[in-house]
Amino acid sequence: GKTAGEIIRMIHYCHQWPGARIVCTSPTNPLLNANVLPVIWEFFDRLGLVKGRDFAYLKEEKVLEFFGCQVIFRTTEDPDSVKGITAAAFMMDEAAMSPLEAFMNLQGTLRQPGFPHQGWMASTPKGRRHWLCKLFYPEKALYMPGEVRLRPDLPGANFLAMPARTRDNPFGGEALYQAMIATYGENSP
């Protein structure tokens, strides 16, 4: 569900902003190939987009072209791999598995003129000590699933966080939640 949400946002952004360049990251190439690209191809199929007519995927360069936009795929194994790219937006899949330096470098790519600069991130939580939680949730912040949090305490930043519970995922979340309870117990940490 999280990756699908990011992909839907990316497709919508490209439809609204032809000519945009987007950097799409995953922690590793195997995760990119197993989790991100299949979701893109699934949505393109649902939309009736045909390879060669509506989009091109340059596998060697790891670049997808559609709606007049370029999506540049990179992993965050080497956080410097995104330096030097000029982009309108970025997407980080499973951001908690990436280093903070990758996020900081991706922020630095947001300089393509004439576009609203945005970054979309989705992740499975890694705990309150992880950089992702510290960035999006102030110290000692309590939050509930479905609550939207802004970070007005960070000048110049417009962050929006939307936590969600596993069981609320419409794509089998309740079944997964019940399986986790059976495996780990009702009140496990």
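In case you missed it, the structure is sitting above this.
These lines cover the structure that appears in this document, whether it is placed above or below. (Residues numbered from 1 in each chain as written. Predicted model: local features only at pLDDT ≥ 70, side-chain atom pairs only at ≥ 80, totals over all residues. Heavy atoms only, no water.)

In the structure shown here, the tally under the stated rule is three salt bridges. For Arg-53, the salt bridge identified is with Asp-54, shortest N-O distance 2.7 Å. With a relative accessible area of 60%, Arg-53 lands in the exposed category. Note that Asp-80 is salt-bridged to Lys-83, the shortest N-O span being 3.4 Å. Using a relative accessible area of 36% as the deciding quantity, one classes Asp-80 as partly exposed. (Salt bridge = Lys/Arg side-chain N within 4 Å of Asp/Glu carboxyl O. Buried < 20%, exposed > 50% of the residue type's maximum accessible area, 1.4 Å probe, protein only.)

Turning next to the sheet that holds strand β3 (residues 63-66). Spatially, β2-β3-β4-β1-β5-β6 is the arrangement adopted by the six strands of the open sheet, whose pairing is mixed. Among the strands making up the open sheet, the edge pair consists of β2 (55-58) and β6 (118-122). With direction set aside, neighbouring strand axes in the sheet form an average angle of 15°. Note: β3 against strand β4 (residues 69-75), four bridges, orientation antiparallel. Bridge assignment links Val-63 to a residue of β4, and that residue is Ile-72. Strands β1 (21-26), β2, β3, β4 and β5 (89-93) of the sheet are contacted by helix α2 (residues 29-46), whose axis makes an angle of about 155° with β4. (Pairing = 2+ DSSP bridges. Helix = DSSP H or I, 4+ residues; strand = E, 2+ residues; numbered from the N terminus. Axes fitted to C-alpha atoms, helices over the stretch in contact; angles between N-to-C directions. Contact = heavy atoms within 4.5 Å.)

So, on to a nonpolar patch on the surface. Among the surface-exposed residues, Leu-176, Met-180 and Tyr-184 lie close enough to one another that they form a single nonpolar patch of about 330 Å² accessible area. Residue Leu-176 is classed as partly exposed on the basis of its relative accessible area of 46%. (Patch = residues over 30% accessible without salt bridge, like charges linked within 9 Å, V, L, I, M, F, W, Y side chains within 5 Å. Areas by Shrake-Rupley, 256 points an atom, 1.4 Å probe, with all protein chains shown as cover.)

Most of β1 sits inside the fold, with five of its six residues counted as buried. Here β1 runs beside β4; their pairing, made up of six bridges, is parallel. If you follow Val-23 over to β4, its bridge partner there is Ile-72. In the sheet, β1 pairs with β5 via four bridges, with the strands oriented parallel. What sits directly across from Thr-25, in β5, is Met-92.

This brings us to helix α5 (residues 173-184). The α-helix advances 3.6 residues per turn, and as a result positions three or four apart in sequence lie on the same side. Its 12 residues place the ends of α5 16 Å apart at the C-alpha level, agreeing with the 16 Å of an ideal helix rising 1.5 Å per residue. Two residues or fewer after α5 comes Gly-185, characterised by a positive phi angle close to 105°. (Expected span 1.5 Å × (residues − 1).)

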